[in-house]
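# Commentary on secondary and tertiary structure
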Amino acid sequence: MGGCAGSRRRRLSDSEGEETVPEPRPPLLDHQGAHWKNAVGFWLLGLCNNFSYVVMLSAAHDILSHERTSGNQSHVDPGPAPIPHNSSSRFDCNSVSTAAVLLADILPTLVIKLLAPLGLHLLPYSPRVLVSGICAAGSFVLVAFSHSVGTSLCGVVLASISSGLGEVTFLSLTAFYPRAVISWWSSGTGGAGLLGALSYLGLTQAGLSPQQTLLSMLGIPALLLASYFLLLTSPEAQDPGGEEEAESSARQPLIRTEAPESKPGSSSSLSLRERWTVFKVWMMAGFELLFFRNTSLSHAQQYRWYQMLYQAGVFASRSSLRCCHIRFTWALALLQCLNLAFLLADVWFGFLPSIYFVFLIILYEGLLGGAAYVNTFHNIALETSDEHREFAMAATCISDTLGISLSGLLALPLHDFLCQLS
């Protein structure tokens, strides 16, 4: 955070009771400037926080590939599909499902989110952001220089720690800013999906090795730290009591004795969010099995295109809150179930004649997933009281991550079963 605002923010989270004299409310021009700084700041935080997570998913097929040479210096072949890893199966399967990368990318996040209400409040915001940025940078370096799948998965775990800690931290932080920053954060996370998948696809298609591609992304963690420490303004610029409220909340347990207040129907939206996430990411883990031989794209390139198109749909819908607000998110869950059934049927029977039909379906799936994310958090912001909003934002992350973890666990036996088919 810049200038005096940065010093006030650090005092906000790091001090233990230092008294300050409240400053007068800033003039309208300064208020508008602070609004846009915070909007851009939260968009960049969403982008940078989820970037390493998305890149690891996009690189999942490369991480598990048996054709990578020592030092991860293999050149990405833009030509036709290579010889299948499992010639007895029509799916060109890796011996390990990409769901293994998904689990490494999400289980540490789940642990962080489950433990966050018990002790994360003891750690001020600034150290949390520093740890998140360091873990993100470490993940790129470790996977880039890895010589084995096991070491690569350790790098994926670092990306998961970064993403999970950052999401809990920044969503809790939105409670001390105007509600509009939630839509900017959501749009930024959608942008991370699109830019992360597109950059990995584009750079490898251009001829860079996976190692060179990952190392070129080390500027993203630096941008995360700059956005938090140099761009965001102090909450008091929005609310004269914001600093005292945030400082007090940073030292209070996230779990309270009383239940969070909410409007009727809000609890059901959380359970539905968990349900649709299971279907959504189960399908993502099955992308690896949607393999077409009648195309010039290799299997690895097909997988990268699936990830990029899905994330493009997510970005578009997560940025649409100002244009379209969906109150009944259960409808999105139902449509996700239909998508899952249709694509599983195609994996089994192979009735789609071209990969371009799958491209359209995956883009549509991304639109559904992104809309469910941003509308769920928007509904929570509207339906919870001010004193409970920080807790509600952090707690809701758990349902999302739990759904992804369950989908990864289900995808592992599904992958093995389908790969045994001739």
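Within an unreviewed UniProt entry, the label attached to the protein reads Battenin, and the organism entered is Cercocebus atys. Quoted verbatim from the Sequence similarities (unreviewed entry) field of the UniProt record, the comment on the protein reads "Belongs to the battenin family."

Assigned secondary structure in the protein consists of 15 helices and zero strands. The buried share of the protein, reckoned over its 422 residues, is 57%. Within the protein, contacts between residues at least 6 apart in sequence are counted, and of these 87% link residues at least 24 apart. In the structure as shown, the protein presents an accessible area of about 16,700 Å², 68% of it carried by carbon and sulfur atoms.

The next point concerns the nonpolar core. As a rule of thumb, soluble globular proteins bury nonpolar side chains together. Core analysis: the largest hydrophobic core is formed by 41 residues, its most contacted members being Leu 45, Phe 170, Leu 173 and Tyr 228. Residues within four places of Leu 45 in sequence aside, it is in contact with Phe 170, Trp 185, Leu 224, Ser 227, Tyr 228 and Leu 232. Membership of the second largest hydrophobic core comes to 27 residues, among which are Leu 102, Tyr 306, Val 347 and Phe 359.

UniProt's entry tags residues 99–123, 129–146, 153–176, 182–201, 213–231, 328–349 and 355–374 with the feature "transmembrane region" (unreviewed entry), counted in the numbering of this structure. As a span, residues 129–146 carries 89% helix and 0% strand, and end to end its C-alpha atoms are 26 Å apart. Between the end C-alpha atoms of residues 182–201 there is a gap of 29 Å, over a span that is 100% helix and 0% strand.

Mapped onto the secondary structure, Tyr 200 falls in helix 7 (residues 180–205). A C-alpha to C-alpha distance of 7.9 Å links Tyr 200 and Arg 304, two positions 104 residues apart in sequence. If we skip the residues at most four places from it in the chain, Tyr 200 touches Val 55, Ser 58, Ala 59, Asp 62, Pro 210, Thr 213, Leu 214, Met 217 and Arg 304.

This part takes up a nonpolar patch on the surface. Nonpolar side chains collect at one region of the surface, where Phe 328, Trp 330, Leu 334, Leu 335, Leu 338, Leu 363, Tyr 364 and Leu 367 lie side by side and expose about 750 Å² of accessible area between them. Of all elements in the fold, only helix 13 (330–349) and helix 14 (355–383) reach the threshold of two or more residues within the nonpolar patch. At four residues, helix 13 tops the list of elements feeding residues into the nonpolar patch. For Phe 328, the location among the structural elements is in the loop between helix 12 (299–318) and helix 13.

The rules behind each value
Residues numbered from 1 in each chain as written. Predicted model: local features only at pLDDT ≥ 70, side-chain atom pairs only at ≥ 80, totals over all residues. Heavy atoms only, no water. UniProt positions renumbered as here; feature names shortened; annotations may be inferred. Helix = DSSP H or I, 4+ residues; strand = E, 2+ residues; numbered from the N terminus. Buried < 20%, exposed > 50% of the residue type's maximum accessible area, 1.4 Å probe, protein only. Contact = heavy atoms within 4.5 Å. Areas by Shrake-Rupley, 256 points an atom, 1.4 Å probe, with all protein chains shown as cover. Core = buried A, V, L, I, M, F, W, Y, C linked by side-chain atoms within 4.5 Å. Patch = residues over 30% accessible without salt bridge, like charges linked within 9 Å, V, L, I, M, F, W, Y side chains within 5 Å. Salt bridge = Lys/Arg side-chain N within 4 Å of Asp/Glu carboxyl O.

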